[in-house]
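Residue-level structure breakdown
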Amino acid sequence: MNLHLVAIPLLPLAGAAINGLLGKRFPRTLVATVALAFTAASFLWAVWAAIQFADGGAAGPYIEHFATWMQIGNFQAEYGFYLDHLSMVMMLIVTGVGFLIHVYSVGYMWEEGGFYRFFCYLNLFMFFMLTLVLASNYLQLFVGWEGVGLASYLLIGFFFWRDSAAAAGKKAFIVNRIGDFTFLIGLFLLIKHFGTLDFASVFSKIGVLPTGEATGLLTAIALMLLGGACGKSAQLPLYVWLPDAMEGPTPVSALIHAATMVTAGVYMIARSHAIFDRAPMALLVVAIIGCATALFAATIGLVQHDIKRVLAYSTVSQLGYMVLACGVAAYSAALFHLMTHAFFKALLFLGAGSVIHALGGEQDMRRMGGLRKKIPWTFWSMTFATLAIAGAPPFAGFFSKDEILWRAFSSAHGSWVFWLIGLITAGLTSFYMFRLWFLTFFGDFRGAQHEEPEASGRERHASDAASAAPPGHGAHGASAAGGHGHGHDGVHESPPIMLVPLVILAILSLVGGWVGIPAVLGGGNHFEKFLAPVFEAYATAGETAPASPAEPSGPSEMSLSLAATGAALVGFLLAWWMYHRRPELHVRARQRLGELYRVLDHKYWIDEIYGAVFVRPLIGLSRAVLWRGVDAGVIDGTVNGSATAARELSDSVRHMQSGNIRSYAGWVAAGAACVLVYMIWLGMR
Amino acid sequence: MPGFHRGDYLLALPMMLLTLFALGVLLIDLLLDRSSKVINAWAAFAGLAFSAAAVHNIQRAFADQAARGEPSSPFFAFSGTLMVDRFAVFFFYLFLAAAAITILMSVRYLEVEDEHHGEYYALILFSVVGMMCMAAGNDLILLFIGLELMAVSTYILVGFLRRDRRSNEAALKYLLLGAFSSGIFAYGLSLLYGLAGSTNLQQISMALGNAMAPGKARVVPAVALVTTAAGLFFKIAAVPFHQWAPDAYEGAPTSITGFMSVAGKASAWALLLRIFLFALGPMRPLYVPILVFVAIATMTGGNLAALTQSNVKRLFAYSSIAHVGYIMLGLIAGTAFLPNPDGIRGILVYLLVYTFMNLGVFGVIASLRRRDIIGDELDDLNGLFFKAPTEAVLMLTFLLSLAGIPPLAGFYGKYFIFLALIESGHYALATLAVIYVAVSAYYYLRVANAMFMRTAGDRVPVTISPGMWAGLAITGAATVVIGIYPEPFLRMVNWSMHVAQNPTVAQLLR
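Source: prediction; values computed, not measured.

The rules behind the values
The residue count restarts for each chain, going from 1 along the sequence in the order it is written. Each chain gets a letter, beginning with A, and each ligand a number, beginning with 1, in the order they are written. Side-chain atom pairs in this predicted model are given and counted only at pLDDT of 80 or more, local residue features only at pLDDT of at least 70, and totals for whole chains, interfaces and linings cover all residues. Only hydrogens and water are removed before side-chain values are computed, so all heavy atoms of the structure are retained for them. Each helix is a run of DSSP H or I of at least 4 residues and each strand a run of E of at least 2, with the numbering of both proceeding from the N terminus. Only protein chains enter the calculation, and the probe is 1.4 Å; a residue is then buried if its accessible area is under 20% of its type maximum, exposed if over 50%, and partly exposed in between. In this description, contact between two residues means that some pair of their heavy atoms is separated by no more than 4.5 Å. Accessible surface area values rest on a Shrake-Rupley calculation with a 1.4 Å probe, where residue burial reflects the displayed protein chains alone. For two strands to count as paired, DSSP must find a minimum of two bridges between them. What makes a nonpolar core is a set of buried Ala, Val, Leu, Ile, Met, Phe, Trp, Tyr and Cys residues whose side-chain atoms join them at distances within 4.5 Å. We place a 1 Å grid over just the protein atoms. Points where a 1.4 Å probe fits but has no way out form a cavity, open points with protein on both sides within 12 Å along at least 5 of 7 lines form a pocket, and any residue with an atom within 4 Å of a point lines it. Grid points are joined across faces, edges and corners, and a volume is the space filled by probe spheres set on the points. We call Asp, Glu, Lys and Arg charged. Ala, Val, Leu, Ile, Met, Phe, Trp, Tyr, Cys and Pro are nonpolar, and the rest, Gly among them, are polar. Here, a salt bridge means any side-chain nitrogen of Lys or Arg that lies within 4 Å of a carboxyl oxygen of Asp or Glu. Throughout, buried area stands for the accessible area (probe radius 1.4 Å) lost by two parts on being put together, summed over both. By the criterion applied in these results, polar contacts are pairs of N or O atoms within 3.5 Å in which, for protein atoms, one can donate a hydrogen and the other can accept it, and in which residues neighboring in sequence qualify only through two side-chain atoms. Lines fitted to C-alpha atoms define the axes, with helix axes restricted to the stretch in contact, and inter-axis angles between N-to-C directions lie between 0 and 180 degrees. Any angle that is under 35 degrees is reported as roughly parallel, and any over 145 degrees as roughly antiparallel; angles of 65 to 115 degrees are reported as roughly perpendicular and all others as oblique. The handedness criterion is simple: a crossing whose near helix is rotated anticlockwise from the far helix by less than a right angle is left-handed, and one whose near helix is rotated clockwise is right-handed. To estimate the expected span of a helix, count its residues, drop one, and scale the result by 1.5 Å. Any Phe, Tyr or Trp ring, taking Trp's six-membered ring, that has another such ring centre within 6.5 Å forms a pair; planes under 30 degrees apart are called stacked, those over 60 apart edge-to-face, and the others tilted. Lysine NZ or arginine CZ positioned within 6 Å of the ring centre and within 35 degrees of the ring normal marks a charge as sitting over the ring. The predictor attaches a confidence to each residue, and that confidence, scored 0 to 100, is pLDDT. Only residues whose relative accessible area exceeds 30% and that form no salt bridge are eligible for patches; like-charged ones are grouped when within 9 Å, while nonpolar side chains (Val, Leu, Ile, Met, Phe, Trp, Tyr) are grouped when within 5 Å.

**Considering the overall build of chain A**
- Summing up its helical and strand segments, chain A has 26 helices and two strands in all.
- In chain A, which comprises 685 residues, the share counted as buried stands at 60%.
- Partitioning the intrachain contacts of chain A with sequence separation of at least 6 by distance along the chain shows that 80% fall at a separation of at least 24.
- Of the roughly 24,200 Å² of accessible surface on chain A, a fraction of 67% belongs to carbon and sulfur atoms.

**Looking at unusual backbone geometry**
- Between Pro393(A) and Pro394(A) the backbone carries a cis peptide bond, its omega angle lying at 0 degrees.
- By secondary structure assignment, the location of Pro394(A) is in the loop between α16 (376-390) and α17 (396-410).
- Positive phi, close to 50 degrees, is recorded for Phe78(B), a residue that is not glycine.
- Of the residues examined, Phe78(B) reaches a relative accessible area of 40% and is grouped as partly exposed.

**Description of the pairing of strand β2 (residues 75-83) of chain A**
All names here are of chain A.
- In terms of burial, β2 is a largely internal element, eight of the nine residues being buried.
- One ladder, built from nine bridges, connects strand β1 (residues 62-72) with β2; its direction is antiparallel. What sits directly across from tyrosine 62, in β2, is leucine 83.

**Some points on the nonpolar core**
- Formed by 445 residues in total, the largest nonpolar core has its most connected members in Phe91(B), Phe233(B), Trp269(B), Phe276(B) and Phe316(B).
- Here this core takes 19 residues from helix α15 (residues 331-358) of chain A, the largest share from any one element.
- Beyond its immediate sequence surroundings of up to four residues, Phe233(B) is in contact with Ala238(B), Phe241(B), Leu272(B), Phe276(B), Ile290(B), Leu291(B), Val294(B) and Met328(B).

**Some words on the side chain of Ser153(B)**
Residue and element names in this part refer to chain B.
- Within the element layout of this structure, serine 153 appears in helix α5 (residues 140-158).
- Using a relative accessible area of 3% as the deciding quantity, one classes serine 153 as buried.
- Leaving out residues up to four positions away in the same chain, serine 153 has contacts with Leu123, Phe126 and Ser127.

**As for the layout of surface pockets**
- Looking at the second largest pocket, its volume works out to about 1,400 Å³.
- What lines the second largest pocket is a set of 46 residues, and nearest its centre among them are Lys171(A), Ile174(A), Val615(A), Leu618(A) and Tyr442(B).
- Residue classes in the lining of the second largest pocket are distributed as 30 nonpolar, six polar and ten charged.

**Remarks on the pattern of salt bridges**
Residue and element names in this part refer to chain B.
- Enumeration according to the criterion identifies 23 salt bridges over all chains in this entry.
- Note that aspartate 85 is salt-bridged to arginine 274, the shortest N-O span being 2.7 Å. A residue pair is termed long-range when its members are at least 10 positions apart, and aspartate 85 in the loop between β2 (82-84) and α3 (86-113) and arginine 274 in helix α10 (residues 254-279) qualify at 189 residues. The pair formed by aspartate 85 and arginine 274 is uniform in burial state, with each residue classed as buried.
- By sharing partners, the salt bridges in this structure join Arg166, Lys173, Asp247, Glu250 and Arg314 into a single network.

**Remarks on the interface of chain B and chain A**
- Contacts between the two partners involve 74 residues from chain B, matched on the other side by 64 residues from chain A.
- Across the chain B/chain A interface, buried area totals approximately 6,400 Å², and carbon plus sulfur atoms make up 74% of it.
- Three residues stand out in chain B for area buried against chain A, namely Thr308(B), Tyr415(B) and Met453(B), and they jointly supply 11% of the buried area on that side.
- Where chain B packs against chain A, one counts zero salt bridges.
- Applying the counting rule to chain B against chain A returns nine residue pairs in polar contact (both at pLDDT 80 or more).
- For the side of chain B that touches chain A, the element with the most residues is helix α17 (residues 427-452) of chain B, which contributes 14 residues.
- Residues that form the side of chain B that touches chain A fall into these classes: 51 nonpolar, eleven polar and twelve charged.

**Here's the deal with the packing of helix α2 (residues 38-67) of chain B against helix α4 (residues 118-136) of chain B**
All names here are of chain B.
- Relative orientation of the contacting elements α2 and α4 amounts to 20 degrees, with a least axis distance of 8 Å. Between α2 and α4, the crossing angle belongs to the class labelled roughly parallel. Remark: the crossing between α2 and α4 carries right-handed chirality. In this structure, α2 uses Asn40, Ala41, Ala44, Leu48 and Ser51 to contact α4, whose residues at the interface are Gly118, Tyr121, Leu125 and Met132.
- Of the residues in the contact of α2 with α4, the class split is six nonpolar, three polar and no charged.

**Considerations on helix α1 (residues 7-22) of chain A**
All names here are of chain A.
- Taking 1.5 Å per residue as the helical rise, α1 with its 16 residues ought to reach 22 Å, and the 22 Å between its terminal C-alpha atoms agrees with that figure.
- Within α1, burial applies to Ala7, Ile8, Pro9, Leu11, Pro12, Gly15, Ala16 and Asn19.
- Tucked inside the fold, the buried residues of α1 contact α2 (28-56), β2, α3 (85-108) and α4 (115-134).

**Structural notes on the side chain of His102(A)**
Residues and elements named next belong to chain A.
- Along the chain, histidine 102 turns up in helix α3.
- For histidine 102, the side chain forms a polar contact with the main-chain oxygen of glycine 98, separated by 2.9 Å.
- A polar contact is formed between the side chain of histidine 102 and the side chain of asparagine 123, at a distance of 2.9 Å.

**Quick word on the packing of aromatic side chains**
- Enumeration according to the criterion identifies 65 aromatic pairs over all chains in this entry.
- When the centroid spacing of 5.0 Å and the interplanar angle of 65 degrees are considered together, the rings of Phe115(A) and Phe119(A) count as edge-to-face. One end of the pair is Phe115(A) and the other is Phe119(A), both in helix α4 and four residues apart, which spans about a single turn. Just as Phe115(A) is buried, Phe119(A) falls in that class too.
- Relative to Phe276(B), the ring of Phe233(B) lies with its centre 6.4 Å away and its plane at 55 degrees, an arrangement referred to as tilted. Here Phe276(B) lies in helix α10 and Phe233(B) lies in helix α8 (residues 219-236), a separation of 43 residues in the sequence.
- Using a relative accessible area of 1% as the deciding quantity, one classes Phe276(B) as buried.
- Within the aromatic cluster, the residues linked to one another by ring pairs are Phe142(A), Trp145(A), Phe183(A), Phe188(A), Phe411(B), Tyr412(B), Tyr415(B) and Phe416(B).
- One cation-aromatic arrangement involves Arg271(A) over Phe199(A); the distance from NZ or CZ to the ring centre is 5.4 Å.
- One residue, Arg274(B), lies across the ring of Phe278(B), its end atom 4.6 Å from the ring centre.

**Some remarks on the confidence of the model for chain B**
Residue and element names in this part refer to chain B.
- Scored by pLDDT, chain B comes out at a mean of 88, with 96% of its residues at no less than 70.
- Mean pLDDT values for the elements of chain B range from 68 in helix α20 (residues 503-508) up to 94 in α5.
- Overall, residues 1-5 carries pLDDT values under 50, and its contacts beyond four positions in sequence, including any with other chains, amount to six contacts.

**A look at empty space enclosed by the protein**
All names here are of chain B.
- Scanning the entire structure with this criterion turns up nine cavities of 30 Å³ or more.
- Empty space within the largest cavity amounts to approximately 90 Å³.
- In terms of lining, the largest cavity is formed by Met150, Thr154, Tyr174, Lys235, Trp244, Tyr249, Met260, Gly264 and Lys265.
- Sorting the residues of the lining of the largest cavity by element identifies α5, α9 (244-251) and α10 as the ones contributing at least two each.
- Counted by class, the lining of the largest cavity contains five nonpolar, two polar and two charged residues.

**Quick look at the packing of helix α11 (residues 284-307) of chain B against helix α12 (residues 312-335) of chain B**
Residues and elements named next belong to chain B.
- Running from amino to carboxyl end, α11 crosses α12 at an angle of 155 degrees, the nearest separation of the two axes being 8 Å. Relative to α12, α11 is oriented roughly antiparallel. The crossing of α11 and α12 is left-handed.
- When grouped by side-chain class, the residues that make up the contact of α11 with α12 number 19 nonpolar, six polar and one charged.

**Looking at the environment of Ile141(B)**
All names here are of chain B.
- Take isoleucine 141: it is sitting in helix α5.
- For isoleucine 141, a relative accessible area of 49% translates into the label partly exposed.
- Remark: the alpha-carbon pair of isoleucine 141 and tyrosine 121, spanning 20 residues in sequence, is separated by 26 Å.

**Section: a nonpolar patch on the surface**
- Together, Trp416(A), Val417(A), Leu420(A) and Ile424(A) give the surface a local cluster of nonpolar side chains, amounting to about 380 Å² of exposed area.
- With respect to the helices and strands, Trp416(A) occurs in helix α18 (residues 416-441).

Printed below as a string of structure tokens:
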């Protein structure tokens, strides 16, 4: 059996290359055709490979050696591809959802400048993401890991004439670098102690360790890997880049910052389960981080006004659920939620994009309302997605969230605390999602009446951008300046090419969970059984509990399920009461809550704290380091007006000619003297 | 000499050829009129090619040695002052490649600057001769002469733009500080001579081994170590001996900045490794703490200072200081209490990949030079992607490579060095370095943001000469190819580490 898995990532790369090199001269139709054709081919290949693999009936992974990458001493790294049930699920999600979002993007980006650039980046992203999920070793995974970061950086900054977009791209990249390098240290530890980064050999070497052996080392490795996951999957404390990443075009938010890239961290933890399983301490940390992130992000999501920011915090929160599931060693539950989340969150973003598209670039929910009649298709698909994420049965999110909550409660690594926080988060999720739903689709349209819509109404998207936007960039980037009709009368449904993906995702948001209906609800939990060969491999004897742990006492799965549904219902009713039935209530509530509201509205001031604790000191230090040098006059930021600048510059030049040489020599001498003093202090015998 | 019968001059042939061609360029230059100065470049290029052939000849001698099943032993010439081993051959190739790419990138730049003279190429060749002496010297005198030959040539090249005040100032500063540090360095060497009674590195190593025996006074060796190290740290531009670098890099012609930042730096490292490993090997316990201190200071100073630069050449000057810090970590891991050969290997890999990516960066900057624009301010890069997409994408590749993103060449330098740090148990240092690498992404991305996410200030197309295209193509291809298929390059580095020497060195370069 040769599946030629190498073609799956290479096809989108070919698409990226063609559009990147020639796209500038192509008509838009051709650019779109190239991008879609290569992504579709990749998807079909993935489906074919999955069928072949499943038919083969092999329990173990299918490993394809493509080439030797490097060989140094005993250490060897391959270019290889690793297909098991886990990477199969990921591969199908990435290519399938990715393809749908490509289709949608054709409609969404049609009037934008840089059409070819967009699809080039998007295909490039697909290449790196598939490299990541199909990698046969950690090093190759790391290549994909960095590559998706690069694609994400380029795409977040796609509307680069908005300063905020360029800054957000940079922020995403740099925050991720921090996680990346703890990840890299984890890999070095693996090399040092196991001599390889190959999945199969690392895990089998760990698998044969007796239980309890090398726990300290494995905990260290697991925590380092977790650092990487925290960066990529936007967990505390590295989540700050994801909300800002919403500066990218909406299809990008859907594909990269909701459905695929941000789940890479969860995938990596699940992939490394052999390590985590043997490091209970690390698992606990994973669970705590996931749990805390879920709750923390959900509370921020309660008060956001920007429709995409609500979804962004919701993504952070849902990723927290997945990480929590990993932390209680319920990897298949994590993957299940990853899959359903990919469906409904991609749908939510695409739906939001459709709303934004309809309103000509408006993202503030305070200026929406009453849209359900105007854009019925969008409304209905968004409704499906909202029900799914809120956890209403029988939508997909219900089953996957339920599974996570049940595992958080019942797993050997779980605790009722995790369950309770998860339950509260479920309630909050339901509340802020229905808040979004009511604000957007119900009530009266508020776009026209809200304080001077011309100036403040579209400040982020239009007024500053329109002037700076290069010619040829239309609709969303420079919004009001683009070709759409505006105001209430211009609200229009999106074209079919955008609606078809919405409908397909809506169906998946409904039925996607049915593959994992737990036994207690009369299902077969096929999804978990499907992934079982992956997660049962390399398990220590008695370490991972069997699929259905016997719980003689305590609440049953059914009652927990009811509690979760209840929480979702409470959230819905509260949102209905506050934002539909008595819309004036939420204004009162905001006033009543005063301080608490301010804390949430400012997102706990985390960005400000990071700015004060990390960024400002670094910049300050940078200036301090340079203080004595000639830079003081020329570094950016200190220059106030060109006259001062010129004077400072000439001053520093004068100094440079007379005194500074001596001072430099003095520095050299001082350096030598310091070293000498140190040596003497060391006690020369 | 045992096992080698072709005579001493064959070993010195790469240097002799370069000298010959350099002198030839000086003579030809007199016959050329202003429009045909490009012939100088071709002549210099030919000199490099012939020299490379001579190096290849030496490399074949090593292959013969291996074919006979003998352990790789170095070839000595001129009463043992010149020692050509595989280590030296590696650096020979590196210097020649850097010089060749620099020449490719220089022609149009010099024309724009209106300073197209034959001396320029002759001086590059002379400095390469000096570098080769630094890499292959087995004797303090030869090493010092090589260092000065390289340095004096570079002083002139830095000030080559006679009419540019920045260039003149930079050259003067560099000269004064260079002389100062050479003085300190020479003082250290004289102490070493005093200790060993010989200028031969092996003799010094043995004498120091005795001097470091327990119970002996170590003051004189320590002073010799400190002064020698200070001189070397100056040459590699390690903090706090780095002050000259930003000024010299900014003021020098951009092509020379590139040359200094790679070939100059690699030669200083070759010298440093020769002295620290081959002569001062027995003093490892003493110098590793100094290295740790200087490495931390260098990473801190370089990375922090680079954050707020607005001049691209200055930014990359500080960036290259930061890279010296990382390379130093390799030396720490390679000479620590439990030395790990990956450290030294990492240094060689790092210098190799750094040569290409950094030359590429300065090539792109040099190509932005027009009659009216110097092209070295960050704002001059604005919207480059929309004016010259290929160049911008190349620059992005170099930047990502410098930031250590796989699968680009720059990743492997960091990879081996950090790996060696972990393997030799320097967890705290590795963590610190990793944090600084994350910080460095900030200033590399500032450059990327300018190219990709700003609109161009003007619409004047960027014109690129064929030579520059060739230079950029070579550096770009090397950065990508080494990244994707590092195997042969790593094999080359491994090959050059097979230096059978005294036991100390053999232990460090397994």
